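# A structural walkthrough
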Amino acid sequence: MSAPAPDALLALARTAAAAGAWGDVRATLEGDSAGTERNGARAVLLADACLWTGDPRSASRWLNRALPLLTAAADRPAMRRSVNMQGAAAFALGALDEASNRFSQALSMALRDDDTLLTARATNNLGLIEALRGNADQAIVAYQRAIMMYQRLGNPRGLAESWHNLAISFRTRGELDAAEDAERRAIEFANEAGNSRLATMAMVGRAEVSLRRGDFAWARATAARAVTAFAALPDFLLQADALRVLADAADRMELVAEADTSIAAALKLARTHAHRTQEAQTLQTTAQIMLRRGVVDAARTIGEQAREAFSELGSVSAAEEMAEFLAGLSR
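Quick summary incoming for the structure in this document. (Residues numbered from 1 in each chain as written. Predicted model: local features only at pLDDT ≥ 70, side-chain atom pairs only at ≥ 80, totals over all residues. Heavy atoms only, no water.)

Helices and strands together make up the secondary structure of the chain, namely 18 helices and zero strands. What you see for the chain is a C-alpha radius of gyration of 20 Å, in line with the 20 Å of a compact globule of 331 residues. Along the three orthogonal principal directions, the C-alpha set of the chain runs to about 65 × 45 × 35 Å. Counting only residues that meet the buried cut, the chain has 52% of its 331 residues in that class. Across the chain, every contact between residues at least 6 apart in sequence was considered, and the portion connecting residues at least 24 apart equals 56%. Approximately 14600 Å² of the chain is accessible, and the part contributed by carbon and sulfur atoms is 52%. (Helix = DSSP H or I, 4+ residues; strand = E, 2+ residues; numbered from the N terminus. Rg over C-alpha atoms; globule rule 2.2 N^0.38 Å. Buried < 20%, exposed > 50% of the residue type's maximum accessible area, 1.4 Å probe, protein only. Contact = heavy atoms within 4.5 Å. Areas by Shrake-Rupley, 256 points an atom, 1.4 Å probe, with all protein chains shown as cover.)

If you want it as structure tokens, here you go:
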């Protein structure tokens, strides 16, 4: 059987993308990588699939290939979307300054071209930058603005993402009831959008709230289901995060072998796919686990690694939190 014509191949990949089958999108377009490198529409769709499967390094490479092709074709909608995606890839790779610049550029392009959907997305993404830098109040304002725009557009996927991000900021401030409510809203909108990935992501958020409330068994069971779901997609970033939460819950239940296996798998995924923020968060959780077990030297060593990682990322509040953690070990 002859290979599909280029347009047919792109159409096949777009059908898979519409169904959320991002692994199939990658398999389809990577199967003719030479052709994809010459086709801007293919390259940007493949980059999108790489982001959705938690592979930001590959996404960045394909976006760098796509943008000159899209610029030559004067495809402004794809150009501004690609710039926003470059920001998402940079964010996942821990290059916060570059991510901030790209998100700001995408926002400027969206406002100039009256693209309300991208305006909402870029606003939400700039909130992520503020959150990681420890500016929870500014992050919340950004998410709330994005939510209002998504509401006007009737976009449940965007609403699910922004409500989940809002929940994280509430949780960071210790507002657990607000965080729980926000995650529930995120799940409602994810289900409305038919997006099981986003619904599961919000369930992991609820598991983190449950950890803080002491309901370790529910957190463990929820995180374990999420690990399986994200592995099947696959989504390496979210799988690593679910493994981190699973490890924390298992350790609190004194399931040492399960905790060790899960945290090691989370760290391996984060490092293999260059998720620097996830790596820092996993190191932070590992240090906390070591301290609970009374292994102070390991807690100090790993805690210092986490502090350095957060500092390099520009995550000031997280770095300060780890500095306080380390100071407490010396008392």
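Bringing the packing of helix α8 (residues 116–132) against helix α10 (residues 156–172) into the picture now. Viewed as axis vectors pointing N to C, α8 and α10 meet at an angle of 15°, and their least axial separation amounts to 11 Å. Considering their axes alone, α8 and α10 lie roughly parallel with respect to each other. For the pair α8 and α10, the crossing hand works out as left-handed. Counted together, Arg121, Asn124, Leu128 and Ala131 of α8 and Arg157, Glu161, Ser162, Asn165 and Ser169 of α10 form the full contact between these two elements. (Axes fitted to C-alpha atoms, helices over the stretch in contact; angles between N-to-C directions. Parallel < 35°, antiparallel > 145°, perpendicular 65-115°, else oblique. Left-handed = near helix turned anticlockwise from the far one by under 90°.)

What follows deals with the packing of aromatic side chains. Overall, the coordinates contain one aromatic pair when judged by the stated rule. Ring geometry for Trp22 against Trp52: centres 5.6 Å apart, planes inclined by 0°, an arrangement best described as stacked. With Trp22 in helix α2 (residues 22–30) and Trp52 in helix α4 (residues 40–52), this residue pair connects regions lying 30 residues apart in the sequence. For the pair formed by Trp22 and Trp52, the shared burial category is buried. Of note, Arg61 hangs over the ring of Trp62, and the distance from its end group to the ring centre comes to 4.7 Å. (Phe/Tyr/Trp six-rings, centres within 6.5 Å; stacked < 30°, edge-to-face > 60°. Lys NZ or Arg CZ within 6 Å of the ring centre and 35° of its normal.)

Put simply, helix α14 (residues 236–252) and helix α15 (residues 256–272) touch, their axes get as near as 8 Å, and they point 155° apart. The angle between the axes of α14 and α15 places the two elements in the roughly antiparallel class. You can see that α14 and α15 cross each other, and the crossing is left-handed. Contacts between α14 and α15 involve Phe236, Gln239, Ala240, Leu243, Arg244, Leu246, Ala247, Ala250 and Asp251 from the first element and Glu258, Ala259, Ser262, Ile263, Ala265, Ala266, Leu269 and Ala270 from the second. Per-class residue counts for the contact of α14 with α15 are twelve nonpolar, two polar and three charged. (Nonpolar A, V, L, I, M, F, W, Y, C, P; charged D, E, K, R; others polar.)

On to helix α11 (residues 176–193), then. With 18 residues, α11 should cover 26 Å at 1.5 Å per step; its first-to-last C-alpha distance of 25 Å lies within 8% of that length. Taken together, the buried positions of α11 are occupied by Leu176, Ala179, Glu180, Ala182, Glu183, Ala186, Ile187, Phe189 and Ala190. In this structure, the buried residues of α11 make contact with α10 and α12 (196–213). Of the residues trailing α11, Gly194 is marked for its positive phi of about 70°. (Expected span 1.5 Å × (residues − 1).)

Once that is clear, we can look at helix α9 (residues 136–153). Helix length check: α9 (18 residues) gives 26 Å between terminal C-alpha atoms against 26 Å at 1.5 Å per residue, within 8%. Listing the buried residues of α9 in full gives Ala136, Ala139, Ile140, Ala142, Tyr143, Ala146, Ile147, Met149 and Tyr150. As for α9, its buried residues are in contact with α8 and α10. One or two steps after α9, the chain reaches Gly154, where phi turns positive at roughly 65°.

Attention now moves to the nonpolar core. Counting 51 residues, the largest nonpolar core has Phe91, Trp163, Leu166 and Phe230 as the members making the most contacts within it. The element contributing the most residues to this core is α12, with eight residues. Look past the residues within four positions of Leu166 in its chain and what remains in contact with it is Ile140, Tyr143, Gln144 and Ile147. Formed by 30 residues, the second largest nonpolar core is a distinct cluster that contains Val25, Trp52, Leu63 and Ala106. (Core = buried A, V, L, I, M, F, W, Y, C linked by side-chain atoms within 4.5 Å.)

What follows covers the pattern of salt bridges. Taken as a whole and assessed by the stated rule, the structure comprises 31 salt bridges. Glu208 is the salt-bridge partner of Arg244, the closest N and O atoms lying 2.7 Å from each other. Within this pair, whereas Arg244 is found in helix α14, its partner Glu208 is found in helix α12, the two being separated by 36 residues in sequence. Both residues of the pair, Arg244 and Glu208, belong to the buried class. (Salt bridge = Lys/Arg side-chain N within 4 Å of Asp/Glu carboxyl O.)

On to the environment of Ile302. Within the secondary structure, Ile302 is located in helix α17 (residues 296–313). The exposure class of Ile302 is buried, given its relative accessible area of 17%. Along the chain, Ile302 and Gln288 lie 14 residues apart, while their C-alpha atoms are 9.1 Å from each other. What Ile302 contacts, discounting residues up to four positions off in sequence, is Leu283, Thr286, Ala287 and Met290.

Another aspect to go through is the environment of Leu291. Here Leu291 shows up in helix α16 (residues 276–292). Each C-alpha atom, one on Leu291 and one on Gly303, is 9.7 Å from the other, the two residues being twelve residues apart in sequence.

The next subject is the environment of Arg276. Inspection of the secondary structure assignment puts Arg276 in helix α16. Each C-alpha atom, one on Arg276 and one on Ala309, is 7.6 Å from the other, the two residues being 33 residues apart in sequence. Not counting residues up to four positions away in its chain, the partners in contact with Arg276 are Ala92, Leu93, Gly94, Glu312 and Leu313. Here Gly94 takes part through its backbone oxygen, which lies 3.5 Å from a polar atom of the side chain of Arg276. (Polar contact = N/O pair within 3.5 Å; in protein donor to acceptor, adjacent residues only side chain to side chain.)

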